[in-house]
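Below are the chains, spelled out letter by letter.
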Amino acid sequence: MTPRSPTPAGLSALPEHSADSPLSVHAMTVAYHRKPVLWDVDYDATPGKLIAIVGPNGAGKSTFIKACLGLVPMASGSVEFWGQAYRKARRRVGYVPQRESVDWDFPVSALDVACMGRYRAIGWCRPVSKAHRQAALECLDRVGMADFAHRQINQLSGGQQQRVFLARALAQEADLYFMDEPFAGVDASTEQAIVGVLRELRESGCTVVVVHHDLQTVEQYFDDVILLNMRIVASGPVADVFTQDNLHKTYGGRLTLLAEAAEAIARTDRPVR
Amino acid sequence: MIDAPLASLGQVVDQWPTVAEVIAVLTLRSGFNTTVVTIGTTLFGLAAGVIGVFALLRKRAMVTDALSHATLPGIGLAFVIAVALGETGKSLPILLLGAAVTAAVGAACLQAILRYTRLHEDAASGIVLSVGFGAGIVVLSYVQANMPAGAAGLKGFIYGQTAAMGARDAVFMGVTAVISILIVVAMLKELSLVSFNDAFARVGGIRVGLVDFGVMVLVVVVTVAGLQAVGLLLVVAMLIIPPVAARFWTERLWLMVVLAGVIGGMSGYLGASVSALLPRKPAGAVIVLLAGAIFALSLLFAPARGVIAAAVRRVRLRIQIAADHALESAFESRDAESDLAVVLQRVAAQRGWPRWLTPIIRSALRRRGFAHGSGAAILITGAGLERGAEVCRNHALWTQYLVGYADVATNHVDWSVDQVEHVLSGQLIAELEGELIAKGIAVPRVPA
């Protein structure tokens, strides 16, 4: 894949959505309270790669994932998974949300959380069977958390909680995974456990899209990279795209014209607060 | 003149019920009306506790309060409409239907406020709550001024009128309780996932909006069912207090649901009984007070999450840290005789221990086998000196880590080191050592 430059909506050619690409994003624009955070994002993921999304704070990395999964509405654009709408491809997609997005003082154990990854397979209004529980336990084992299966989740360290979230996603048995900052605030052993799991997933043919904040480890852990700052600055294989020049474009000049335009649009809305 | 108030005070002293009366009420054998009221409030408490768990875990406690207040205008309007249609206006199903309708309107307003403004849920709930209640008071005063016949009972919905509960109401409570329990049992999986992590649930294909809507419908049904029992001002208490109390006792969701149901049911049962035995005690308030008492007991005495248990743990940790300090000092000074009295005196002076702490530390050290002997000749054991060496080493490791990797100035590490050296786990120590050996590797954030 070659690095792309952003194309204005309407002018871009129709997407060449293929059933091969696990994730095709076309002209995605997302706005929070009318303030655009992502402009005209086009992206086609190569199957079977570990893909890092990198960019400064507020660049829209998490928003990109959430918009792909339908968690935040898109102002315009489309997203397809293997050429299908998300509704149809849902069973093949796994998700690791940000650890801080939930209240960990919730009355469940690590195994209960891992079992949540099986709920989709179990179906509505049915209890978790022994087989599903066993499958969830094996997922905990893959992230090195089998010994903590019956531990209350609020008694786990931050890294252990992150691993439980990863185990839950593994229990979804997906082909495409989205992970939102899985390496944020984890200890060294958890980082190694996550990297191990990512490589296992790649070996079994999965595609993994990871919001990543540590530029030092991008080249070591990932195959492809998306450099994001409200738009895609560049995307493609790490060796081609992860250059000093592109990084400067992504991180340098915090308040670009794009950001100023977004502020201007936001100001036309009158906030209540 | 002085006697008069005393005399009137004497008159309001309750007649204490006899044991036979108490037993009769508690075993539901003191007349049909009392029995109906007791069963009704018990079932209401049960349903409210079970549903309340999910309102609480979904962090919707304020919303339930807003909805309960939004029922009031519905009651008044239903009365007006019923009278206009030639009904008596006292028909309970019509009044409760009106209550449910305005509660639903309140819920819709809440959603609209959240959707179209930047207000947060607390402010939005406050608006719906106060506007709903204000509208209700206006409608009720209109009813009282213009159609006084039969309107007297309406105010009862604000504070509850448990005694007026009939067999039909008890059946309504029973149906509500059974439906709530069935739904919760069938959908425990989905309810727990949506409450814990709604984004993950949505990605997995669960209709989160539908689940939330279902819970809110059940909350409204339970609220409406409870209007008669405890009144709209207190009904939210029965949705929130039993689950909060239950949470103190368990870390398992299904057990929390069961306990919340039991606590709610017990409060309803005992509250109605107390109210039947002691005249002039409003059942609704007594029920809520009993639930509050169960909450207070849970808060204090729950084994893991209770205040007392937490205080005991804190004191234990402080004693352990003080004992560690003594052992550390003994190791560092390498007292030939390891006389505990000498060591304790020195550490107490260094650290400014209060006088009462020394004997506590002495007995703690002996209990843990770090000191032995009796009377004037208590010596620190080999195990005690080993522990001192361990603490000393942790201290050095942590200082080196802070100064070397976390860029903390040397003169700023003392407090943190003093706390951390006692709580470092074996795994953490191994990691620290690894860090110190393999210099130059990115430093992991170690929780202090």
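In this report, we go over the structure that sits alongside the text. Fair warning: this is a prediction, and the values are worked out from it, not measured in the lab.

A word on the interface of chain A and chain B
- Contact with chain A, which involves 40 residues of that partner, is made by 34 residues of chain B.
- Between chain A and chain B lies a buried interface of about 3300 Å² when both sides are counted; carbon and sulfur atoms form 62% of it.
- On the chain A side of the interface with chain B, the three residues burying the most area are Phe106(A), Pro107(A) and Trp124(A), jointly 21% of the side's total.
- Along the contact surface separating chain A from chain B lie three salt bridges.
- The partner of Arg305(B) in a salt bridge is Asp105(A), with the nearest N and O atoms 2.8 Å apart.

Notes on the side chain of Asp187(A)
Residues and elements named next belong to chain A.
- Position of aspartate 187 relative to the elements: it lies in the loop between β6 (176-180) and α7 (188-203).
- Put simply, aspartate 187 is tucked away with no salt bridge, and the nearest opposite charge, on arginine 163, sits 4.3 Å away.
- A polar atom in the side chain of aspartate 187 sits 2.6 Å from the side chain of serine 189.

Focus on the sheet that holds strand β8 (residues 224-229) of chain A
Residues and elements named next belong to chain A.
- Taken together, six strands build an open sheet; the order of strands is β5-β6-β7-β3-β8-β9 and the sheet is mixed. Unpaired on one side and paired on the other, β5 (93-96) and β9 (231-237) mark the two borders of the sheet. Ignoring strand direction, the axes of neighbouring strands in this sheet form an average angle of 15 degrees.
- Of the pairings in the sheet, the one linking β8 to β9 comprises six bridges and is antiparallel in character. Bridging from a neighbouring strand, valine 225 pairs with glycine 236 of β9.

Re a nonpolar patch on the surface
Residues and elements named next belong to chain B.
- Taken together, Trp249, Leu297, Leu299, Leu300, Phe301, Val307, Ile308 and Val312 make up a surface patch of nonpolar side chains, about 670 Å² in accessible area.
- Those elements that provide at least two residues to the nonpolar patch are α14 (283-301) and α15 (307-333).
- For the nonpolar patch, the element with the most residues is α14, which contributes four residues.
- Examined against the element boundaries, valine 312 turns out to sit in helix α15.
- Residue classification places valine 312 among the partly exposed residues on the basis of a relative accessible area of 37%.

Observations concerning the packing of helix α2 (residues 19-26) of chain B against helix α13 (residues 253-277) of chain B
Residue and element names in this part refer to chain B.
- At their nearest, the axes of α2 and α13 sit 10 Å apart, and the two run at 140 degrees to each other. Looking at the two axes, α2 sits oblique to α13. Every pair of crossing elements has a handedness; the one defined by α2 and α13 is right-handed. Here Glu21, Val22, Val25 and Leu26 of α2 come into contact with α13, specifically with Tyr269, Leu270, Ser273, Ala276 and Leu277.
- Of the residues belonging to the contact of α2 with α13, the class tally is seven nonpolar, one polar and one charged.

About the cut-offs
Residues numbered from 1 in each chain as written. Chains lettered and ligands numbered in written order. Predicted model: local features only at pLDDT ≥ 70, side-chain atom pairs only at ≥ 80, totals over all residues. Heavy atoms only, no water. Contact = heavy atoms within 4.5 Å. Buried area = accessible area lost by both parts, 1.4 Å probe. Salt bridge = Lys/Arg side-chain N within 4 Å of Asp/Glu carboxyl O. Helix = DSSP H or I, 4+ residues; strand = E, 2+ residues; numbered from the N terminus. Buried < 20%, exposed > 50% of the residue type's maximum accessible area, 1.4 Å probe, protein only. Lys, Arg positive; Asp, Glu negative; His and termini not counted. Polar contact = N/O pair within 3.5 Å; in protein donor to acceptor, adjacent residues only side chain to side chain. Pairing = 2+ DSSP bridges. Axes fitted to C-alpha atoms, helices over the stretch in contact; angles between N-to-C directions. Patch = residues over 30% accessible without salt bridge, like charges linked within 9 Å, V, L, I, M, F, W, Y side chains within 5 Å. Areas by Shrake-Rupley, 256 points an atom, 1.4 Å probe, with all protein chains shown as cover. Parallel < 35°, antiparallel > 145°, perpendicular 65-115°, else oblique. Left-handed = near helix turned anticlockwise from the far one by under 90°. Nonpolar A, V, L, I, M, F, W, Y, C, P; charged D, E, K, R; others polar.

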